[in-house]
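Analysis of the macromolecular model
Chain by chain, the residues run as shown.
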Amino acid sequence: MATVTQTVAEQRFLMHDVSWEAYKRLLADQENHRVRMTYDRGMLEFMSPFSEHEWISRLIGGFIKDLAIELQIPVRSGGSTTLRRELLEKGLEPDECFYIRNEHSVRGRDRLDIENESDPPPDIAVEVDITSSSINRMAIYAALGVAEVWRYNKKGLHFFSIDDAGLYQEVTHSVNLPMISAKDIAAFLERRNLMDEGMLAREFRQWVRETFGKGNA
């Protein structure tokens, strides 16, 4: 019998003793498409994100795409697609995810098969923690082989890269986009309430052009 624990802050619900088959059925239910699910060996958490959560994750994802466009770096957006592997009994949905170094491996494919390892996991996942999850999502990312996580919480934005032991270590600069630092992105995030998103994006693109000198006119 599954048991349920509720966390009030960001509408998180934790269930225990949930089978993998039940998890898959819940994922397939279209009524759950606005709810994020995290699964780890029988534990299943539902999360309904606040507007702040969604806004910050979209801004960070926009910065990644804008940087790639201005520097002519191949990029493939994965959004919040479900990353899961039955063998590991783990699955989650990132706030945003991107293929950078492995973009060539998934180019031309509308559907990706991460579960059966036919395709690689995303190179970068964006994780926004307005409230803390009851499940260790970073451990799930590591088990699934996501090379890099950009994590935003109350302490700010931090970049993490997976090491040879399969553990995340904090790094100052992105591994997949080594020209950019967490401080660079954080500086623009802090300006989000000073202007509209269009102006913020234009300022970021202009900064990229002036700093790296490879942008499109």
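Computed from a predicted structure; not experimentally measured.

Reading the values: the criteria
Residues numbered from 1 in each chain as written. Predicted model: local features only at pLDDT ≥ 70, side-chain atom pairs only at ≥ 80, totals over all residues. Heavy atoms only, no water. Axes fitted to C-alpha atoms, helices over the stretch in contact; angles between N-to-C directions. Helix = DSSP H or I, 4+ residues; strand = E, 2+ residues; numbered from the N terminus. Left-handed = near helix turned anticlockwise from the far one by under 90°. Contact = heavy atoms within 4.5 Å. Nonpolar A, V, L, I, M, F, W, Y, C, P; charged D, E, K, R; others polar. Polar contact = N/O pair within 3.5 Å; in protein donor to acceptor, adjacent residues only side chain to side chain. Salt bridge = Lys/Arg side-chain N within 4 Å of Asp/Glu carboxyl O. Buried < 20%, exposed > 50% of the residue type's maximum accessible area, 1.4 Å probe, protein only. Pairing = 2+ DSSP bridges. pLDDT = per-residue confidence, 0-100. Expected span 1.5 Å × (residues − 1). Arc of directions from axis to C-beta.

To continue, consider the packing of helix H2 (residues 51-70) against helix H6 (residues 197-212). H6 packs onto H2 with a crossing angle of 35 degrees between their chain directions and a minimal axis gap of 10 Å. Relative to H6, H2 is oriented so that their crossing is right-handed. From H2, Trp55, Leu59, Phe63, Asp66, Leu67, Ile69 and Glu70 reach across to H6, where they touch Glu197, Leu200, Ala201, Phe204, Arg205, Val208, Arg209 and Phe212. Here the residues of the contact of H2 with H6 sort into ten nonpolar, no polar and five charged.

On to the side chain of Ser174, then. Looking at the element boundaries, Ser174 is found in the loop between strand S12 (168-171) and helix H5 (182-189). A polar contact of 2.7 Å, which involves the side chain of Ser174, links it to the side chain of Glu148. A polar side-chain atom of Ser174 sits 3.3 Å from the main-chain amide nitrogen of Asn176. Aside from chain neighbours lying at most four places away, what touches Ser174 is Ile124, Glu148, Trp150, Phe159 and Ile180.

Moving on, we get to the pattern of salt bridges. Inspection of every chain in the model, using the stated rule, returns 17 salt bridges. Taking the shortest distance from any N to any O, the salt bridge between Asp66 and Arg205 comes out at 3.0 Å. Here Asp66, found in helix H2, pairs with Arg205, found in helix H6; they are 139 residues apart in sequence, far enough to count as distant. For Arg205, a relative accessible area of 25% translates into the label partly exposed. Put simply, Glu203 and Arg191 hold a salt bridge, and the shortest N to O gap is 2.9 Å. With Glu203 in helix H6 and Arg191 in the loop between H5 and H6, this pair connects stretches of sequence that are twelve residues apart. Judged by relative accessible area, which is 31%, Glu203 ranks as partly exposed. Note on Arg191: relative accessible area 31%, which makes it partly exposed. Through salt bridges with shared partners, one network takes in Arg36, Glu54, Arg58, Asp95 and Glu96.

Burial of strand S3 (residues 36-40) is extensive: five of the five residues sit out of reach of the surface. What you see with S3 is no split at all: Arg36, Thr38 and Asp40 on one side and Met37 and Tyr39 on the other are buried throughout. The antiparallel pairing of S3 with strand S4 (residues 43-47) creates a hairpin that spans two residues between the two strands, and Arg41 there sits at a positive phi of about 50 degrees.

Of all residues in the chain, 92% have pLDDT values of 70 or greater, and the mean over the chain is 90. Every residue in residues 3-9 scores below 50 in pLDDT, and together they form 15 contacts with partners more than four places removed in sequence or on other chains.

Each full turn of the α-helix corresponds to 3.6 residues, which orients residues three or four apart in the same direction. For H6, spanning 16 residues, the distance from its first C-alpha to its last is 22 Å, which sits close to the expected 22 Å at 1.5 Å a residue. Along H6, the residues that are buried comprise Leu200, Phe204 and Val208. One side of H6 carries all its buried residues, which in axial view fall inside an arc of 75 degrees. For H6, the exposed residues lying more than 90 degrees away from the buried face are Arg202 and Glu210. Residues of H6 that are buried in the fold lie against H2 and H5. Here H6 starts with a cap whose side-chain oxygen sits 2.8 Å from the backbone nitrogen of Gly198, and that cap is Asp196.

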